[in-house]
Amino acid sequence: MYTFVGYGLLLYILIRIKRFFTRPKKFLTDAALPTVTLLVAAWNEELIIGDKIKNTLLLDYPKELLQIIFITDGSTDLTPDLIYPYKEIVLMHNGARHGKMAAIKRAMPGVTGEIIVFSDANTFLNQQALRELVKHYQNEKVGAVAGEKRILVNQHADASSAGEGFYWKYESRLKKWDYELYSNVGAAGELFSIRASLYEPVESDTIIDDHMIAMRIAEKGYLIAYEPAAYASETASANTAEELKRKIRIAAGGIQSIFRLKVAANPFRYPLLTFQYLSHRVLRWTITPFLLVLALLANIIIVSQYNERFYLFLLMAQFAFYGLALLGMLMERRNIRLKPLFIPYYFCMMNYAVAAGILRYINQNQSAAWERSLRK
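About the criteria used
Residues numbered from 1 in each chain as written. Predicted model: local features only at pLDDT ≥ 70, side-chain atom pairs only at ≥ 80, totals over all residues. Heavy atoms only, no water. Axes fitted to C-alpha atoms, helices over the stretch in contact; angles between N-to-C directions. Helix = DSSP H or I, 4+ residues; strand = E, 2+ residues; numbered from the N terminus. Parallel < 35°, antiparallel > 145°, perpendicular 65-115°, else oblique. Contact = heavy atoms within 4.5 Å. Nonpolar A, V, L, I, M, F, W, Y, C, P; charged D, E, K, R; others polar. Pairing = 2+ DSSP bridges. UniProt positions renumbered as here; feature names shortened; annotations may be inferred.

A. Fine view of the packing of helix α11 (residues 309–333) against helix α12 (residues 339–362). Where α11 meets α12, the closest approach of the two axes is 7 Å, and the angle between their N-to-C directions is 100°. On the basis of their axis angle, the class for α11 and α12 is roughly perpendicular. For the pair formed by α11 and α12, the contact residues are F321, Y322, L324, A325, L327, G328, M329, M331 and E332 on the first element and L341, F342, P344, Y345, F347 and C348 on the second. Taken together, the residues of the contact of α11 with α12 sort by class into 13 nonpolar, one polar and one charged.

B. Expanded view of the sheet that holds strand β4 (residues 115–120). In spatial order, the strands read β3-β2-β1-β4-β7-β6-β8-β5; together these eight strands make up an open sheet with mixed pairing. Of all the strands in the sheet, just β3 (89–92) and β5 (124–125) have a single pairing partner and so form its edges. As judged from the three bridges shared by strand β6 (residues 142–152) and strand β7 (residues 191–195), these two strands associate in the antiparallel manner. Residue pairing for β7: A146 is matched across the bridge by F192. Running at roughly 170° to strand β2 (residues 66–71), helix α2 (residues 49–57) makes contact with β1 (36–41), β2, β3, β4 and β5 of the sheet. With respect to the sheet, helix α7 (residues 209–218) is in contact with β6, β7 and β8 (223–235), its orientation differing from that of β7 by roughly 35°.

C. Local environment of the UniProt feature "transmembrane region" (unreviewed entry) in the chain. Residues annotated by UniProt as "transmembrane region" (unreviewed entry) correspond here to residues 282–304, 310–330 and 342–362. Secondary structure within residues 282–304 divides into 91% helix and 0% strand; the distance between the first and last C-alpha atoms comes to 33 Å.

This is the structure we're talking about:
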């Protein structure tokens, strides 16, 4: 309950208290803009790279202050050829495929911007995204800024679309409150930025590089800001199987990052950051999925031995929730769209993915190389 509901409620209470003692953040409108490098890593994205280029070139930022780099390492389709004609873009291509982090490391010596903005090839940014991100660097304590991820959901959405869309709306609210209290605890690769001077290369076998890059900066004592007015839009995974594959990979990367982010987990260094990190990330990526199973089993045992109405009510509620999740799965397989049922189904799938991701990481079956999930 604390992981999925309680932390959000506690955050809300804390920031309401904080608002009595602090003033809202204000930015100078006439501040000089920093130089920016937009870094896009793409692997076999020939079907969408043309739209990504058009979207990138329409961004509202002075051209003389903007460097655009596309890295297409390992691509075997027409992705590099489609980028090559655009002289505004620096194309970096290597035939070998060593993973996204290796590609980013290779590109870093060519970066000229004071601020590095990372964006995925299959996401589209709003025109003001860069300006909205860089304004936060007026605060010298800010070392990274995360943008918002938006999932495009239509009225005929399946479980992967409806569930993922609901999840990211909830996540966006938590991130907004996290930053209002102190700092974000990670960043999504769809859109985030860092001070170039603070960039620290992470291990080449890193599975979720965006999260690790941002958190290594937080471990230096800098804040990870959050800016919902800078957003990246993308469609949901093509189906639940693709979304499950993506979630398992993220979960494997999550448990890997927990072993490596020792400073973030140390309450004696940055206690508030540790509180947020444990509450928002670590619990989700470690014990909570297993506690869900134990809670159900414990509830069954208690009801079988004691005649307590409260525990009977809890058990009925649990059965009802998991029943709705099962019904959502069955309806999706029959192509029947009923969004309220997809949310319990997505919740269960997400927690199953965490358990599967942990096992995959333990068995060392998760590669750091790009695994592009199919999108609608």
